[in-house]
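Residues per chain, in single letters:
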Amino acid sequence: MSSHQDSLEWARAQDAADPLAHLRREFLFPERTPLYFAGHSLGLQPRRARESVLEELDDWARLGVEGHFSARHPWFSHHEELTASTARLVGARPHEVVVMNTLTVNLHLLMVSFYRPRRGKHRLLIEAGAFPSDRYAVASQARFHGFAPEDTIVEADDPLRALQERGKEFALALIGNVNYLSGRAVDMPALVKAAHERDCLIGFDLAHGAGNLLLDLHETGADFAAWCNYKYLNAGPGGLGGVFIHERHANADLPRFEGWWGHDKARRFEMDPRFRPIRGAEGWQLSNPPILAMAALRASMELFDQATMPALRRKGEALSGYLQGLLEGVGIEVLTPPQRGSMLTVRLHDATKLVEALRARGAVCDLRPPDIVRLTPAPLYNSFEDVQRLGALLRELHG
Ligand SMILES: *Cc1c(COP(=O)(O)O)cnc(C)c1O
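Residues numbered from 1 in each chain as written. Predicted model: local features only at pLDDT ≥ 70, side-chain atom pairs only at ≥ 80, totals over all residues. Heavy atoms only, no water.

A. Seen up close, the overall build of the protein chain. The helix and strand inventory of the protein chain stands at 13 helices and 14 strands. Here the C-alpha radius of gyration of the protein chain, 22 Å, is about what a compact globule of 399 residues would show, namely 21 Å. Projected onto the principal axes, the alpha-carbon positions of the protein chain cover approximately 70 × 60 × 35 Å. Counting all 399 residues of the protein chain, 57% fall into the buried class. (Helix = DSSP H or I, 4+ residues; strand = E, 2+ residues; numbered from the N terminus. Rg over C-alpha atoms; globule rule 2.2 N^0.38 Å. Buried < 20%, exposed > 50% of the residue type's maximum accessible area, 1.4 Å probe, protein only.)

Shown next, in the form of structure tokens:
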């Protein structure tokens, strides 16, 4: 990096030329930590989320039960208002996606359908260093089917090679498309191909991929995917998750846990005792969804539609590249390989002290003790100036 790129003037010139720069004003930045680099953990609040949630509270007050059909965003079909933007976000067909529940819950529901172990083909592949909740989920699924997790769950450093070498043993591969800790992105098409050639189903955890990377789930051919919407997607703490189920499974007679919200919409209120699933991902819904949480997510998805993923990815790459240059300029090694999203992971001998010092100076990132720090410039609301200011703080504080 040339020294002039290290200047506030250079960073401000980049912001002036950035077609997405205005979106920053759509977000609320924390008072004490306005230099926000934790979007991989909890995205910032879109200003319009408040109005969107208040609208639902008002309609509930005004209409009571009639709000199911007469609210401004009728509750009966509220989740459908998120379908088009969610499908665009992950590169799916509309009937392949639904917003429901939360991530770990959805992983379990999807494994009910897609993890069907049998003798000789019972193993479940995950990536080494998977997020703990995913490990708990797969281990408990193995036990639920009567298999010992130690003999069932395979944690591979290189999931592609594991599939190529022993794919026939696996009933399912569940892979994070961007690892939560290293930030490394996987080659999804290659994994899907290797899995399917060996009669192994494959799903992706997109917690760190949705709203971050350009995704093309339908074309990729993954059997399913699930993600949370509160990290890159700014749905708010505990926000609703997203689910993708490839259309080849839309009509399949898969085992699933059933509830009335997955039942044929035209006949839902006929209270028919026999379950007739909605075709596609919506058929996996169980309950009528939390409207307030959905209203907050809607506010954020409008901004993704405005920005578009290709433009966000371009800016994300530029911001992360800029941050990497600044980090290396002060002697901080970036562990995240070039195949990645916006998040950069670094190892620091003085991580705990440094993260505290940064917070005291208004910059927030996150610490995985003892020495790993994750930093994410989120292209929807972070600026080049943010990154430059973070770089300047690191130059001053890192010793
Ligand atoms: C953030 C994250 C989760 C969180 O799970 P919840 O069910 O939303 O609490 C799970 N898995 C991965 C990979 C994550 O990054």
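Picking up where we left off.
B. Geometry of the domain arrangement of the protein chain. By domain assignment, the protein chain separates into domain 1 (8-47 + 308-398) and domain 2 (73-306). Placing a centre on the C-alpha atoms of domain 1 and another on those of domain 2 gives a separation of 29 Å. Each partner contributes residues to the interface: domain 1 has 30 residues there, and domain 2 has 26 residues. Of the roughly 2,300 Å² buried between domain 1 and domain 2 on both sides combined, carbon and sulfur atoms contribute 63%. The three residues of domain 1 that bury the most area against domain 2 are Pro 46, Met 309 and Gln 339, which together make up 23% of that side's buried surface. (Domains from an automatic or database assignment. Contact = heavy atoms within 4.5 Å. Buried area = accessible area lost by both parts, 1.4 Å probe.)

C. Structural view of the site of the ligand. Near the ligand you find Leu 103, Thr 104, Phe 131, Asp 134, Asp 205, Ala 207, His 208, Tyr 230 and Lys 231, and these make up its full shell. Taking Thr 104, its side chain carries an N or O atom lying 2.6 Å from an oxygen atom of the ligand. Residue His 208 places a side-chain N or O atom 3.1 Å away from an oxygen atom belonging to the ligand. Split by residue class, the shell around the ligand holds four nonpolar, two polar and three charged. (Near = heavy atom within 4 Å. Polar contact = N/O pair within 3.5 Å; in protein donor to acceptor, adjacent residues only side chain to side chain. Nonpolar A, V, L, I, M, F, W, Y, C, P; charged D, E, K, R; others polar.)

D. Seen up close, the pattern of salt bridges. This model, assessed by the stated rule, comprises 31 salt bridges. We note a salt bridge from Asp 6 to Arg 395, for which the minimum N-O separation is 2.9 Å. Of this pair, Asp 6 sits in the segment before helix H1 (8-16) while Arg 395 sits in helix H13 (residues 384-397), and the two are 389 residues apart along the sequence. Taking the relative accessible area as the measure of exposure, Arg 395 reaches 43% and is therefore partly exposed. Taken together, the salt bridges that share partners define one network made up of Arg 123, Asp 151, Arg 166 and Glu 169. (Salt bridge = Lys/Arg side-chain N within 4 Å of Asp/Glu carboxyl O.)

E. How the structure looks around the sheet that holds strand S14 (residues 372-375). As summarised here, the arrangement of the three strands in space is S11-S14-S13, forming an open sheet in which the pairing is antiparallel. In this open sheet, the two strands that pair with only one neighbour each are strand S11 (344-347) and strand S13 (366-368). Strand-to-strand twist in this sheet, taken as the mean axis angle between neighbours without regard to direction, amounts to 30°. Pairing between S13 and S14: three bridges, direction antiparallel. Residue Asp 366 lies in a different strand from S14, and its bridge partner there is Arg 374. Along the sheet, helix H11 (residues 309-329) makes contact with S11 and S14, crossing S11 at roughly 15°. (Pairing = 2+ DSSP bridges. Axes fitted to C-alpha atoms, helices over the stretch in contact; angles between N-to-C directions.)

F. The arrangement of the sheet that holds strand S10 (residues 241-245) in detail. In space, the seven strands of this open sheet follow the order S4-S10-S9-S8-S7-S5-S6, with mixed pairing throughout. The open sheet is flanked by strand S4 (97-100) and strand S6 (153-156), the only strands paired with a single partner. This sheet shows a mean twist of 20° between the axes of neighbouring strands, independent of strand direction. Contacts from helix H6 (residues 132-144) reach strand S5 (123-127), S6, strand S7 (170-176) and strand S8 (201-205) within the one sheet, and its direction differs from that of S6 by about 150°.

G. View of the side chain of Ser 383. Residue placement: Ser 383 occurs in the loop between S14 and H13. For Ser 383, the side chain forms a polar contact with the main-chain nitrogen of Asp 386, separated by 2.9 Å. The contacts of Ser 383, once residues within four sequence positions are left out, are Asp 15, Arg 24 and Leu 319.

H. Region of interest: helix H2 (residues 47-63). End to end, H2 covers 25 Å across 17 residues, agreeing with the expected 24 Å (1.5 Å per residue, within 8%). Residues of H2 that are buried include every one of Ala 49, Ser 52, Glu 55, Glu 56 and Asp 59, and no others. Seen from one end, H2 has its buried residues packed into an arc of 125°, which puts them on one side. Away from its buried face, by an angle of more than 90 degrees, H2 presents the exposed residues Arg 50, Glu 51, Ala 61 and Arg 62. Against the buried residues of H2 lie strand S3 (45-46) and helix H10 (291-307). Once H2 finishes, Gly 64 follows within two positions and takes phi at roughly 55°, a positive value. (Expected span 1.5 Å × (residues − 1). Arc of directions from axis to C-beta.)

I. Broad picture of a nonpolar patch on the surface. On the surface, a nonpolar cluster with roughly 380 Å² of combined accessible area is contributed by Leu 54, Leu 57, Trp 60 and Leu 292. If you tally residues by element for the nonpolar patch, the top one is H2, at three residues. When you line up the elements, Trp 60 lands in helix H2. Exposure remark for Trp 60: the relative accessible area of 55% places this residue in the exposed category. (Patch = residues over 30% accessible without salt bridge, like charges linked within 9 Å, V, L, I, M, F, W, Y side chains within 5 Å. Areas by Shrake-Rupley, 256 points an atom, 1.4 Å probe, with all protein chains shown as cover.)

J. Just helix H7 (residues 159-166), in detail. Regarding H7, the residues found buried are Pro 159, Ala 162 and Leu 163. Buried residues in H7, looked at end-on, bunch into an arc of 100°, giving them a common side. Buried-residue contacts for H7 involve S5, S6, S7 and helix H8 (188-197).

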